[in-house]
Structure formats: structure tokens, C-alpha cells
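Secondary and tertiary structure notes
Residues per chain, in single letters:
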Amino acid sequence: MNPSLQGIGMTSLRTRERMIKRLSEQGISNQNVLKLMRDTPRHIFMDEALASRAYEDTALPIGYNQTISQPYIVAKMTELLLRSSEHLGKVLEIGTGCGYQTAILAQLVDHVFTVERILPLQKKAKTHLWDLKLKNISYQYGDGNLGWPDYAPFDGILATAAPSEIPPLLLLQLAIGGVMVIPIGPSGQQILQRITRKTSGYDIENLEAVTFVPFLTGKE
Ligand code: SAH
């Protein structure tokens, strides 16, 4: 095993167990999500200088003006996505970032299709996910506003950046019965939404106030 995967000191299993306890106290109840977050090293997705803070309940910089989502948000969004069905086949993720959310998803669903608009971030994420031997992931360097039509429809869509409104092409790429979890709104006024596609139309639930980086247009 790659030595950085083993974890020492502040990156050890004990630190992760403390994180899990905190997540349960914050209301995360899906045992599969909690177990995976206990077993998946989060620090390897971050720069060495910040690795010792990887399990704090906070978003941290990953370069290029982007942040790794805080553990609570990763857990919450994953739990919301899974609540829709016992088994998810294909999931589309917009905003690969450092790849940590991707790692959690890939261990819970059949296949993750992940789109990122900043190429160096995508490359780093790929390396880390490969180190963890997660191979049920397809990567696209592109603009998430377009989704990934070649593989649509998706049973789940998860976006880790906030647009001002739901990108229409993502709505179209959701399977009937499928669920999208996405933060919506301008900086300072974002709300996490869960959108379920019905036989005709969509159900939209407003869940909680959140803080995400903006969902941008085009590639960098
Ligand atoms: N889940 C990631 C979150 C990273 S921050 C993590 O925990 O690391 C959000 C990410 O969304 C950034 O990497 C940003 O580049 C990406 N992003 C923003 N707008 C996008 C778009 N239109 N298409 C694809 N990726 C986008």
C-alpha cells in the first residue's frame, strides 16, 4: 500500500472515528455512508500542508480557488441521494474537485460519471482515486452545464458547486424516479435542493442553507 494511505497521527483511524461520531451527532444516520467515511482516507486528497486538518468539520482549499466540501456536506448529500432508492446504478457528479466525494459515491453505486472544468484538479483526483483502486469511475474534462448526454439517463445527479438555477440539461438527463442533489443560489443565499423526477414533471424540496463555490460556465 502507498504509505500515504496508511495514515499516522492526525490522519489515523482514530481521528476518522471521531469524525464519524460528530457526523452522527449532526444527524447523519445512513450506516453505509458513515462506515465508508470512516474507512476512506480523506487526507490523501489534500495537499500535505493541510492533511492534518482533513478530518475537521470545515471546507479547505484544494487550489484553483476551489475547496473540498466539509465532511458533513459530503455525508448529507450522499445520504440524500441514496434515500431515493436502495440501489443506484449510474450517478453523474458535477465538480470532481479533489475527488473525495467521488470516492464515497463510487463505493456505494454501480458507476460514477464525474465532470470537472479545471484540468489539473481532475488529473490529481484521478491519481488519488486510482491509488484507492476505485475503477468504476469515468472522468470528463468539460462544462457540467451540459451534463454527460452519452450516458444519460442517470439514477442520481449530484453537483458540488452552486448554480443560480438548476441547469436545464441536467434535469433532462435525470431518469424517471431519479434524484438530483444540488445547491442553488448566489453566494450567501444558497439552499440545498433535492429534485425528484416524476413520470410527469419534477418534485423540488428545499432542504437547508449551505455554502458552495459557484457553478461556472465553460472550461478553464
Ligand atoms: N466535491 C468536490 C468539490 C470541489 S468544489 C470536493 O470535495 O473536492 C466544486 C468543484 O466544481 C470545483 O472543482 C469546480 O472547478 C467545479 N465546477 C464548478 N463549475 C463547474 C462546471 N460548470 N462544470 C464542471 N465542474 C465545475
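Just so we're clear, the structure is a prediction, and the values are computed from it rather than from any experiment.

Counting secondary structure elements, the protein chain contains 8 helices and 9 strands. Taken over the C-alpha trace, the protein chain has a radius of gyration of 16 Å; the compact-globule value for 220 residues is 17 Å, and the two agree within 12%. Buried positions account for 53% of the 220 residues belonging to the protein chain. Considering only contacts within the protein chain whose residues lie at least 6 apart along the sequence, 56% involve residues at least 24 apart. Carbon and sulfur atoms form 52% of the exposed surface of the protein chain, whose accessible area is close to 10,400 Å². Taking the average location of the 22 positive side-chain charges in the protein chain and that of its 21 negative ones, the two points are 4 Å from each other.

The next point concerns unusual backbone geometry. The peptide bond linking Ala 152 to Pro 153 adopts the cis configuration, its omega dihedral lying at 0 degrees. Relative to the helices and strands, Pro 153 is located in the loop between β5 (137-141) and β6 (154-159). Of note in this structure, Asn 65 is not a glycine but carries a positive phi near 65 degrees. Note on placement: Asn 65 falls in the loop between β1 (60-63) and β2 (66-68). For Asn 65, a relative accessible area of 75% corresponds to the exposed category.

Burial runs high along strand β4 (residues 111-116): 5 of the 6 residues are buried. Two strands pair when backbone bridges link them, and strand β3 (residues 90-94) and β4 are joined in this way by 5 bridges, in the parallel orientation. Bridging from a neighbouring strand, Val 91 pairs with Val 112 of β4. In this view, the connection linking β3 to its parallel neighbour β4 by way of helix α6 (residues 100-106) has right-handed handedness. As paired strands, β4 and β5 are joined by 5 bridges and run parallel to one another. Among the inter-strand pairings, Val 115 is bridged to a residue of β5, identified as Gln 140. Regarding topology, helix α7 (residues 119-131) serves as the crossover connection from β4 to the parallel β5, and that connection is right-handed.

On to the sheet that holds β4, then. The strand order across the open sheet built from 7 strands is β5-β4-β3-β6-β7-β8-β9, with neighbouring strands paired in mixed fashion. This sheet does not close on itself; its edge strands, each paired only once, are β5 and β9 (202-210). The average angle at which neighbouring strand axes cross in this sheet is 15 degrees, direction not considered. As paired elements, strand β8 (residues 190-197) and β9 share 8 bridges and run antiparallel to each other. Across the sheet, the residue bridging to Ile 191 is Ala 209, located in β9. Where α7 meets the sheet, it contacts β4 and β5, and its direction lies at approximately 165 degrees from that of β5.

Bringing the site of the ligand into the picture now. Around the ligand, 26 residues are found, and the nearest of them are Ser 69, Cys 98, Glu 116, Gly 144 and Leu 216. Note that an oxygen atom of the ligand is positioned 2.6 Å from one of the side-chain N or O atoms of Glu 116. When the ligand sits alone it has 570 Å² of accessible area, and the protein chains cover 99% of it. For the shell around the ligand, the secondary-structure elements that each account for two or more residues are β2 and β4.

This brings us to the packing of helix α2 (residues 13-25) against helix α3 (residues 31-39). α3 packs onto α2 with a crossing angle of 155 degrees between their chain directions and a minimal axis gap of 8 Å. Classified by the angle between their axes, α2 and α3 sit roughly antiparallel to one another. In the packing of α2 onto α3, the handedness of the crossing is right-handed. For the pair α2 and α3, the contacting residues are Leu 13, Arg 16, Glu 17, Met 19, Ile 20, Leu 23 and Ser 24 in the first and Leu 34, Met 37, Arg 38 and Asp 39 in the second. A class-by-class count of the residues in the contact of α2 with α3 yields 6 nonpolar, 1 polar and 4 charged.

Each value, and the rule that gives it
Residues numbered from 1 in each chain as written. Predicted model: local features only at pLDDT ≥ 70, side-chain atom pairs only at ≥ 80, totals over all residues. Heavy atoms only, no water. Helix = DSSP H or I, 4+ residues; strand = E, 2+ residues; numbered from the N terminus. Rg over C-alpha atoms; globule rule 2.2 N^0.38 Å. Buried < 20%, exposed > 50% of the residue type's maximum accessible area, 1.4 Å probe, protein only. Contact = heavy atoms within 4.5 Å. Areas by Shrake-Rupley, 256 points an atom, 1.4 Å probe, with all protein chains shown as cover. Lys, Arg positive; Asp, Glu negative; His and termini not counted. Charge placed at Lys NZ, Arg CZ, Asp CG, Glu CD. Pairing = 2+ DSSP bridges. Right-handed = clockwise from strand over helix to strand, strands pointing away. Axes fitted to C-alpha atoms, helices over the stretch in contact; angles between N-to-C directions. Near = heavy atom within 4 Å. Polar contact = N/O pair within 3.5 Å; in protein donor to acceptor, adjacent residues only side chain to side chain. Parallel < 35°, antiparallel > 145°, perpendicular 65-115°, else oblique. Left-handed = near helix turned anticlockwise from the far one by under 90°. Nonpolar A, V, L, I, M, F, W, Y, C, P; charged D, E, K, R; others polar.

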